[in-house]
Amino acid sequence: MSTDEVPFDLVAREEVRIDRTQLERYVTCPFMGKAVESGLVRDGSLAALSGSEAHDAYGAMAHAFSLGATDAREIAEIGLATARSANPLVQPDVLDAVKPSLGKFAGQLLYREDGQKRNPDDMLRYQGGKDDKSGQLTARIESGTTGPVYLLTSEVDLLMAGWNDRHLEETDWKSGRTRWNASDVRSSFQFRFHAFLLFENYPTLESASIRVWMTRLGYATDWAQFRRAELPDLRGLVMRGLVERETALAADVPACNPFAEQCVNCPVTGRYTANKVALCPAIASECEDCASDPQAFLAEYAAKQADLDRRKKLMYAYAKAHGPIEAAGLICGIKPPGDGRLGIYSRKAGRDDE
Ligand code: SF4
């Protein structure tokens, strides 16, 4: 039989593995997604490393529970020992991030919210778990009849049995300084992607509850609820991400989404070509303005800065009299943890808030 006669469905289709972070970059800004995936820039930071090490401490506690540990103090000690052995570059920050909540979280592993003792079998998956306990979830999506098969993956930190066999509970550990709430969880790409993976992996699942456990604060958000009926919405989000990626990979210069909240966390920001032009085209035109008349650029900067300072004073006065102002992912008000000073800070620390 010649190659032409081989039935189509016997021809191996290319499999492309894409993780959640990778896809989320394309949704955030296609240029950033391609710049990182192509290796043009690297995406990494000490904050991300610290988050990863803090996750390991929590994963170690979950592992101890899965092996049958029943003493909260013993489980917390295992988490602390893991944090102490973190990379020295970030070990102090890791200890600050996990110490406030190790004991409380050990208690959460051992007891349900209604006070009933948990069985280790209630823990279905966790970060660092092996085989069927692995937190890694994958869903297959075929691109048309001839395109690649996408293997979409992400790791859940902790997945517990829910109130019945058609419900699951996911807890995600965040060691950054962001204060999350249930509405943030419901609208975030990460957790919508996770809900999609859960419904794809557990065919009888009717609903999933997801929350963020803030390790520095020692408490969790309320549960954000997702229902199977929402699966088409969740799949639509994922498909849009795949289209953004395919379009960006095919383009010489992918589209930019130059929104201030995301540019500030983007690894492309501050990177230049060999010709000393900003790598990001959305910023490059400003670079050209600066190069053509640097004195005028500085004068304009000074004028804008003076205007911003004036506006900041007005906002501080308003926030002092009326309470915090919240918009565009920022809060103007008393800075946490409440030292009495006014400031403008981000509700979200961005991608490094792991
Ligand atoms: S700096 Fe902004 S516009 Fe440019 S690649 Fe990054 S996110 Fe996109």
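Residues numbered from 1 in each chain as written. Predicted model: local features only at pLDDT ≥ 70, side-chain atom pairs only at ≥ 80, totals over all residues.

## Regarding the domain arrangement of the protein
Alright, step 1. In terms of domain boundaries, the protein breaks down into domain 1 (11–42 + 120–256), domain 2 (45–118) and domain 3 (293–352).
Alright, step 2. The C-alpha centroid of domain 3 is placed 33 Å from the C-alpha centroid of domain 1. (Domains from an automatic or database assignment.)

## Some thoughts on the sheet that holds strand β11 (residues 330–334)
Alright, step 1. Taken in spatial order, the three strands of this open sheet run β10-β11-β12, and their pairing is antiparallel. Strands with a single pairing partner mark the edges of an open sheet, and in this sheet they are β10 (325–327) and β12 (342–346). In this sheet, neighbouring strand axes are inclined to one another by 20° on average, regardless of whether the strands run parallel or antiparallel.
Alright, step 2. Where β10 lies against β11, three bridges are found, and the strand directions are antiparallel. (Pairing = 2+ DSSP bridges. Helix = DSSP H or I, 4+ residues; strand = E, 2+ residues; numbered from the N terminus. Axes fitted to C-alpha atoms, helices over the stretch in contact; angles between N-to-C directions.)

## Some thoughts on the site of the ligand
Alright, step 1. Near the ligand you find 14 residues, and of these C29, P258, C263, C266 and C280 are the closest.
Alright, step 2. Sorting the residues of the shell around the ligand by element identifies α2 (30–37), α10 (260–263) and α11 (281–292) as the ones contributing at least two each.
Alright, step 3. Split into classes, the residues belonging to the shell around the ligand amount to eleven nonpolar, three polar and no charged. (Near = placed C-beta within 6 Å. Nonpolar A, V, L, I, M, F, W, Y, C, P; charged D, E, K, R; others polar.)

## Observations regarding the nonpolar core
Alright, step 1. Formed by 55 residues in total, the largest nonpolar core has its most connected members in M61, I75, A106 and A195.
Alright, step 2. In terms of residue count, the dominant contributor to this core is helix α3 (residues 46–66) (eight residues).
Alright, step 3. Taken together, domain 1 (11–42 + 120–256) and domain 2 (45–118) each give at least three residues to this core, which thus spans both.
Alright, step 4. Leave out the neighbours within four places in its chain, and I75 touches M61, A64, F65, A69, A106 and L109. (Core = buried A, V, L, I, M, F, W, Y, C linked by C-beta atoms within 7 Å. Buried ≥ 20, exposed ≤ 12 C-beta atoms within 10 Å, placed from the backbone. Contact = placed C-beta atoms within 7 Å.)

## Side note on the sheet that holds strand β3 (residues 136–142)
Alright, step 1. Here three strands make up an open sheet; going across it, the order is β1-β4-β3 and the pairing mixed. Each edge of the open sheet carries a strand with a single partner, namely β1 (15–19) and β3. Put simply, the sheet's adjacent strands are angled 25° from each other on average, direction ignored.
Alright, step 2. By the bridge criterion, seven bridges tie β3 to strand β4 (residues 149–155) in an arrangement that is antiparallel. Pairing of R140 across the sheet is with L151, part of β4.
Alright, step 3. Its contacts with the sheet place helix α1 (residues 20–28) against β1 and β4, and it is angled at close to 80° to β1.

## Remarks on the packing of α3 against helix α5 (residues 91–98)
Alright, step 1. Viewed as axis vectors pointing N to C, α3 and α5 meet at an angle of 50°, and their least axial separation amounts to 9 Å. Comparing their axes, α5 and α3 come out oblique. Crossing handedness for the pair α3 and α5: right-handed. Between α3 and α5, the residues in contact are S50, E53, A54 and A57 and D93, V94, A97 and V98, respectively.
Alright, step 2. Looking at the contact of α3 with α5, its residues break down into five nonpolar, one polar and two charged. (Parallel < 35°, antiparallel > 145°, perpendicular 65-115°, else oblique. Left-handed = near helix turned anticlockwise from the far one by under 90°.)

## Observations concerning the environment of R235
Alright, step 1. When you line up the elements, R235 lands in helix α9 (residues 231–250).
Alright, step 2. Given 15 C-beta atoms within a 10 Å radius, R235 is considered partly exposed.
Alright, step 3. Remark: the alpha-carbon pair of R235 and L197, spanning 38 residues in sequence, is separated by 9.4 Å.

## Examining the packing of α2 against α9
Alright, step 1. It is at 9 Å that the axes of α2 and α9 come closest, and there the two elements cross at 70°. By the angle between their directions, the pair α2 and α9 is classed as roughly perpendicular. Crossing of α2 over α9 shows right-handed handedness. Residues P30, G33 and K34 of α2 form the contact with α9, whose own contacting residues are E244, R245, T247, A248 and L249.
Alright, step 2. Among the residues making up the contact of α2 with α9, the classes are represented as three nonpolar, two polar and three charged.

## A short note on the pairing of strand β7 (residues 207–214)
Alright, step 1. Of all eight residues in β7, eight are buried; the element is thus mostly enclosed.
Alright, step 2. Burial along β7 is two-sided: the residues S207, S209, R211 and W213 and A208, I210, V212 and M214 are all buried.
Alright, step 3. Pairing of β7 with strand β9 (residues 224–227) involves four bridges; the strand directions are antiparallel. When the sheet's bridge partners are listed, S207 is paired in β9 with R227.
Alright, step 4. Bridge count between β7 and strand β8 (residues 219–220): two bridges; the pairing is antiparallel. Following the sheet pairing, M214 is matched in β8 by Y219.
Alright, step 5. Taking the residues between adjacent antiparallel strands as the criterion, β7 and β8 are bridged by four residues, where G218 takes a positive phi near 75°.

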